[in-house]
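Remarks on the overall topology
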Amino acid sequence: MDEKRPLDIQTLGRWLEENKVSRTELASSLGLARSTIDNYFSKGNIPKHVQILISRYMKGREPASNNDFVSQLSVPIPNKILNLAVRAAVQKDMSVEEFVVWATEGAARKIVEGNRCN
């Protein structure tokens with residue numbers, strides 16, 4: 001599976017069946033609810049940022065969202081900023097969570113090192 005090419009729902013369905021992976025197992029490994037995966041199948045499409053995580057899972061790599069996070073910090077983010085982060089994450093071939101961690105670390109490092117970040 002090429003991470004640059006969109007993952008369609010039919011390809012995912014075939015892959016799940018061929019590899020004997022349930023929707024529940026997929027959802028759990030991605031840190032999503034089973035109902036979220038079911039909704040993707042009902043609507044017939046998968047958001048691009050989730051396609052990246054699923055593609056990694058299909059290649060046998062655990063998504064970073066499951067094994068890199070120590071804290072489950074919850075921060076309210078206005079939709080305008082979240083949409084911007086999603087677009088940027090897709091451009092960098094990252095999940096939204098990976099992008100937020102990466103961007104936060106970069107901005108925090110600049111501030112701590114005295115290189116003001118506006």
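So, a few notes on the structure that sits alongside this text. Source: prediction; values computed, not measured.

1. Quick notes on the pattern of salt bridges
Inspection of the entire model under this criterion finds 4 salt bridges. We note a salt bridge from E98 to R56, for which the minimum N-O separation is 2.6 Å. Pair noted here: E98 is in helix α7 (residues 96-112) and R56 is in helix α4 (residues 48-58), with a separation of 42 residues, a long-range link. Accessibility classification places E98 together with R56 in one group, the buried group. Among the salt bridges present, the one from E105 reaches R109, with a minimum N-O distance of 2.6 Å. Linking E105 with R109, this pair stays in helix α7, spanning 4 residues, or about one helical turn.

2. Things to note about the side chain of E98
By relative accessible area, which is 16% here, E98 ends up buried. Reaching out from E98, the side chain makes a polar contact with the side chain of R56 at a distance of 2.6 Å.

3. Quick word on the packing of aromatic side chains
As enumerated under the stated definition, the model contains 2 aromatic pairs in all. Measuring from centroid to centroid gives 5.9 Å for W15 and Y57, while their planes differ by 70°, and the two rings are edge-to-face. One end of the pair, W15, is in helix α1 (residues 9-18); the other, Y57, is in helix α4, with 42 residues separating them in the sequence. In this structure W15 comes out as buried when scored by relative accessible area, which is 15%. Aromatic pair F99 and W102: ring centres 5.6 Å apart, planes at 40°, arrangement tilted. Here F99 pairs with W102, and both are found in helix α7, just 3 residues apart, close to one helical turn.

The rules behind each value
Residues numbered from 1 in each chain as written. Predicted model: local features only at pLDDT ≥ 70, side-chain atom pairs only at ≥ 80, totals over all residues. Heavy atoms only, no water. Salt bridge = Lys/Arg side-chain N within 4 Å of Asp/Glu carboxyl O. Helix = DSSP H or I, 4+ residues; strand = E, 2+ residues; numbered from the N terminus. Buried < 20%, exposed > 50% of the residue type's maximum accessible area, 1.4 Å probe, protein only. Polar contact = N/O pair within 3.5 Å; in protein donor to acceptor, adjacent residues only side chain to side chain. Phe/Tyr/Trp six-rings, centres within 6.5 Å; stacked < 30°, edge-to-face > 60°.

Fair warning: the whole summary comes from geometry, so function is off the table for now.
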